[in-house]
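Understanding the architecture of this molecule
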Amino acid sequence: MRSPRHASPPADIRALSPDFEPPHFRQALSRFATGVTVVTTQAPGAPQGASDGSRFVGLTASSFNSVSLSPPLVLWSLGLQSGNLPAFHAGSHYVINVLAADQLALCERFAYGKGDRFAGVDYRLGQSGLPILGGALAWFECHNRSRYEEGDHVIFVGEVERCGFAEGQPLVYQASQFGTLAALS
């Protein structure tokens, strides 16, 4: 008998068909406030001495979550239609940078920017040789441990090799708006 930790659902149990349309589902999901991250990695086949815009890939993601403390694991996801998917799928490492409340412009640059997204951006290279963004509230340098294709996304599970953090307020996304946190008491 398999332990509950590795148990699969019985083969004869299936999910019911959704009783809602995709826009309704998107609106329901938007009610969950998330932090905002920029995930960076090496561009595949980047030539030696290339500009940072062709050496590195970076994108804004709000689908970040912790998985495990031991081993230290985090996850994030990326749409199957993303042009950046090959870089993250092939790379051995990536850095997840948690953005601070004053980094909205950086969030937008990596979400919508064209050309060299790294031009003029304050960052340092971590031990994996990847960008850790200046002013980030936290950062996680990860080994690209696992990838799972589910629905229209790939779920990346990273094993954290190094991390750091600073004090400050996070950039938060909820109901299609950016904000930050306010204490309740």
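Placed above this text is the structure.
Residues numbered from 1 in each chain as written. Predicted model: local features only at pLDDT ≥ 70, side-chain atom pairs only at ≥ 80, totals over all residues. Heavy atoms only, no water.

1. Description of the overall build of the protein chain
Across its full length, the protein chain holds four helices and twelve strands. When burial is assessed residue by residue, the protein chain has 35% of its 185 residues classed as buried. Counting only contacts in the protein chain whose residues sit at least 6 apart along the sequence, the fraction spanning at least 24 positions is 63%. Of the roughly 11700 Å² of accessible surface on the protein chain, a fraction of 55% belongs to carbon and sulfur atoms. In the protein chain, which carries 13 positive and 15 negative side-chain charges, the distance between the mean positions of the two groups comes to 4 Å. (Helix = DSSP H or I, 4+ residues; strand = E, 2+ residues; numbered from the N terminus. Buried < 20%, exposed > 50% of the residue type's maximum accessible area, 1.4 Å probe, protein only. Contact = heavy atoms within 4.5 Å. Areas by Shrake-Rupley, 256 points an atom, 1.4 Å probe, with all protein chains shown as cover. Lys, Arg positive; Asp, Glu negative; His and termini not counted. Charge placed at Lys NZ, Arg CZ, Asp CG, Glu CD.)

2. A closer look at the side chain of serine 30
With respect to the element layout, serine 30 can be found in the loop between α1 (22-29) and β1 (34-35). For serine 30, the side chain forms a polar contact with the main-chain oxygen of glutamine 27, separated by 2.7 Å. Side-chain polar atoms of serine 30 contact the side chain of arginine 31, separated by 2.7 Å. The residues touching serine 30, leaving out its near neighbours within four places in the chain, are Gln174 and Ala175. (Polar contact = N/O pair within 3.5 Å; in protein donor to acceptor, adjacent residues only side chain to side chain.)

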